[in-house]
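# Close look at the chain arrangement
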Amino acid sequence: MPNLAWEQQHVWHPYAAMPNPNPVYQVTSAYGVDLTLKDCRKVIDGMSSWWSAIHGYNVPELNTAIEKQLQDMAHVMFGGLTHQPAIDLAKTLINITPTNLEHVFFADSGSGAVEVALKMALQYQIGRKKDHKNKFLSLTNAYHGDTFAAMSVCDPNNSMHHLYKGLLPTHHFVAPDIQALREAFEAHHHELAAMIVEPIVQGAGGMLFYPAEVLQEIRKLCDEYDVLLIADEIATGFGRTGKLFACEHADIQPDILCLGKALTGGYLTLAAVLTDLKISQGIQKEGHILMHGPTFMANPLACAVAKASIDLLLDSPWQARVSNIESQLQEGLAPCLQSDKVADVRVMGAIGVIEMKDAIDIPNVQAQLLDNGVWLRPFGKLLYTMPPFICSDKHIQHITQAMTSI
Ligand SMILES: Cc1ncc(COP(=O)(O)O)c(C=O)c1O
């Protein structure tokens with residue numbers, strides 16, 4: 001049996017049927033912005049491996065960071081032990097994130113980070129003897145991950161997790177609209193532990209953008225009504241929207257911040273939750289501690305490569321690069337608006353989205369894109385790209401030409 005025929009009957013893929021899923025393509029190597037497929041085709045990765053590979057692939061500085069760390073140790077438990085890569089990364093994260101955030105919890109995936117953030121908010125309220133504040137407010141079209149608590153703050157009516165409606169704890173949802181937000185806070189504040197948001201850009205729930213004024217209003221309402229603000233910057237963090245963190249568009253500070261994806265430059269799985277003193281102290285009132293501690297917490301290889309990735313980003317002209325990608329995407333995708341099949345085109349930073357009027361025939365469109373030398377993974381009605389920041393004008397033109405020819 002040929003290799004992939006066996007694979008397709010035994011190996012589960014993300015959001016896929018088993019057996020007989022949609023086709024997958026075998027990658028044999030990745031270098032710069034290119035993926036090389038088993039059939040020898042070389043294609044540009046317009047997805048940055050799901051928002052993570054911001055520097056592209058096989059990056060010398062990142063390879064070296066891992067190789068060097070490997071000489072000392074690949075892993076050691078974090079319970080009762082510590083190591084320099086975790087200390088160095090924590091220092092860097094505290095330095096580059098909003099000034100109020102001073103405590104770092106290393107989680108092992110984005111969804112895991114969201115679980116930790118929600119637990120922190122609940123334990124903070126318990127510590128204040130406000131146990132009745134045990135619900136969350138989230139945005140319509142929100143996506144925060146695939147684990148149970150994370151699914152419960154994904155929009156139940158418009159998300160990939162709608163099947164679980166009825167099985168999950170129920171929380172409150174509101175549109176990113178100032179009047180609607182005011183009403184939601186007024187109605188539910190007494191039972192709200194926190195509001196959780198993807199700042200400015202909502203990703204997997206629809207690749208939607210909302211104005212900075214809405215985020216500013218959310219911060220104000222959280223303060224006014226004694227509700228914590230959790231910013232889930234797992235997708236938006238590390239420059240993707242044109243700011244290092246999307247909260248900077250609104251000049252606000254969250255009480256809890258979740259980071260992931262591009263944290264390690266796409267090399268290894270690692271996430272981080274940052275919080276301020278008020279919350280950390282609140283959690284441990286009455287002698288409680290935060291009951292979370294994954295086996296691979298603060299994996300040294302992941303911490304070392306994350307530190308190297310952040311250094312590389314900050315030493316690069318990333319703002320100019322992202323802003324140039326934004327102009328290239330705007331110019332390259334604008335012609336789509338002429339098409340009867342297209343409902344909307346939107347661009348922010350290094351994110352370019354074509355929203356079609358009808359659902360996309362994903363296997364066919366993907367095959368067509370690959371024939372045109374580009375890897376993308378559309379979903380629903382959305383054909384979108386989040387390319388690596390190292391893409392040249394030519395790479396972006398290549399991606400937008402492939403997208404506009406669909
Ligand atoms: C905003 C946001 N939060 C959380 C997650 C979950 O991260 P992970 O896939 O690493 O569990 C994602 C993943 O797409 C995301 O976009």
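Structure: above.
The following paragraphs examine the structure supplied in this document. (Residues numbered from 1 in each chain as written. Predicted model: local features only at pLDDT ≥ 70, side-chain atom pairs only at ≥ 80, totals over all residues.)

### Considerations on the sheet that holds strand S10 (residues 228–232)
This is how the line gets drawn: When DSSP locates at least two bridges between a pair of strands, those strands are taken to pair. Each helix is a run of DSSP H or I of at least 4 residues and each strand a run of E of at least 2, with the numbering of both proceeding from the N terminus. Comment: axis = line fitted to C-alpha atoms, over the contacting stretch for helices; angle = value between 0 and 180 degrees taken between N-to-C directions. Each residue is represented by a C-beta atom placed from its backbone, and any two residues with such atoms within 7 Å are regarded as in contact.
Taken in spatial order, the seven strands make up an open sheet running S4-S12-S11-S10-S7-S5-S6, and their pairing is mixed. Looking at strand neighbours, the two that pair on one side only are strand S4 (103–107) and strand S6 (172–174), the edges of this open sheet. Taking each pair of neighbouring strands and ignoring which way they run, the sheet shows an average axis angle of 20 degrees. Direction of pairing for strand S5 (residues 135–139) relative to strand S7 (residues 192–197): parallel, over a ladder of four bridges. Directly across from Lys135, in S7, lies its bridge partner Leu192. Lying on the sheet, helix H5 (residues 110–127) is in contact with S4, S5, S7, S10, strand S11 (256–259) and strand S12 (271–275); it crosses S12 at an angle near 25 degrees. Strands S7 and S10 of the sheet are contacted by helix H8 (residues 212–224), whose axis makes an angle of about 150 degrees with S10.

### As for the site of the ligand
Stated precisely, the cut-off is as follows: For each residue, a C-beta position is placed from the backbone atoms; the residue is near a molecule or strand when that point lies within 6 Å of it. Note on residue classes: Ala, Val, Leu, Ile, Met, Phe, Trp, Tyr, Cys and Pro are nonpolar, Asp, Glu, Lys and Arg are charged, and everything else, Gly too, is polar.
The full set close to the ligand counts 14 residues, and Gly110, Ser111, Gly145, Ile234 and Ala235 are the nearest of them. Of the residues belonging to the shell around the ligand, the class tally is five nonpolar, seven polar and two charged.

### Points about the pairing of S11
So the rule is basically this: Put plainly, a residue is buried at 20 or more neighbouring C-beta atoms within 10 Å of its own, exposed at 12 or fewer, and partly exposed in between, counting only other residues' C-beta atoms, which are placed from the backbone.
Both faces of S11 are covered, namely the face carrying Ile256 and Cys258 and the face carrying Leu257 and Leu259. Bridge count for S10 against S11 is three bridges, and the pairing is parallel. Bridging from a neighbouring strand, Ala231 pairs with Leu257 of S11. As paired strands, S11 and S12 are joined by four bridges and run antiparallel to one another. Its bridge partner being in S12, Leu259 is matched across the sheet by Ala272.

### Concerning the pairing of strand S14 (residues 351–356)
Where strand S13 (residues 342–348) and S14 come together, six bridges link them in antiparallel fashion. Pairing of Arg346 across the sheet is with Val353, part of S14. Linking S13 back to S14 in an antiparallel pair, the connection comprises two residues, with Gly349 at a positive phi of about 55 degrees. Where S14 and strand S16 (residues 382–385) come together, four bridges link them in antiparallel fashion. Bridge pairing links Glu355 to Leu382 in S16.

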